[in-house]
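The primary structure of each chain is shown beneath.
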Amino acid sequence: MKKMIVAFVAMVMMTMSANAQSDNNKSMTLDGLSRYLELRVDQVEPVRTTLAQFNSSMEAYYQMDDAMKGGEAWEKIKANHKKKMKKILTEQQYEKYVDMLELTAKNAADLIMEQQIANK
């Protein structure tokens, strides 16, 4: 579980880093998500705001002391984010979003584990 949390945090931070390089990348990411979830026009701005808040929370989490980075803190951030997204998205969109979020976390964890094995 801790590896999944660390992997997801690493993935989010890598994504934030890449997105911070350019506003164009941010709009491309949101555009891709909008197409994937088939967002309505009135959903785009609330999703953008919620993702920005999630990124800020993840940034704050990443900067915490290791002793404070327990699964409980991560679970609270994730639950809060999912709760906000559930209010914005339809049930079908929300299910697709959660599936994507979980798959992304799993892929990031697998990649980190592969890198750890290669470094041994």
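A short tour of the structure in this document, coming up. (Residues numbered from 1 in each chain as written. Predicted model: local features only at pLDDT ≥ 70, side-chain atom pairs only at ≥ 80, totals over all residues. Heavy atoms only, no water.)

## Section: the pattern of salt bridges
Move 1: All told, the structure shown has 4 salt bridges when counted by the stated rule.
Move 2: When the shortest N-O distance is used, the salt bridge between Arg40 and Asp42 registers 3.0 Å.
Move 3: Note that Glu45 and Arg48 form a salt bridge whose closest N and O atoms lie 3.1 Å from each other. Remark: Arg48 and Glu45 occur in helix 3 (residues 41-63); sequence separation between them is 3 residues, near one turn of the helix.
Move 4: The partly exposed category is assigned to Arg48, whose relative accessible area is 38%. (Salt bridge = Lys/Arg side-chain N within 4 Å of Asp/Glu carboxyl O. Helix = DSSP H or I, 4+ residues; strand = E, 2+ residues; numbered from the N terminus. Buried < 20%, exposed > 50% of the residue type's maximum accessible area, 1.4 Å probe, protein only.)

## With respect to the side chain of Gln43
Move 1: Relative to the assigned elements, Gln43 resides in helix 3.
Move 2: Under the relative-accessibility criterion, Gln43 is labelled buried at 1%.
Move 3: Polar side-chain contacts of Gln43 include one of 3.0 Å to the backbone oxygen of Ile88.
Move 4: Leaving out residues up to four positions away in the same chain, Gln43 has contacts with Glu38, Ile88, Leu89, Thr90 and Gln93. (Polar contact = N/O pair within 3.5 Å; in protein donor to acceptor, adjacent residues only side chain to side chain. Contact = heavy atoms within 4.5 Å.)

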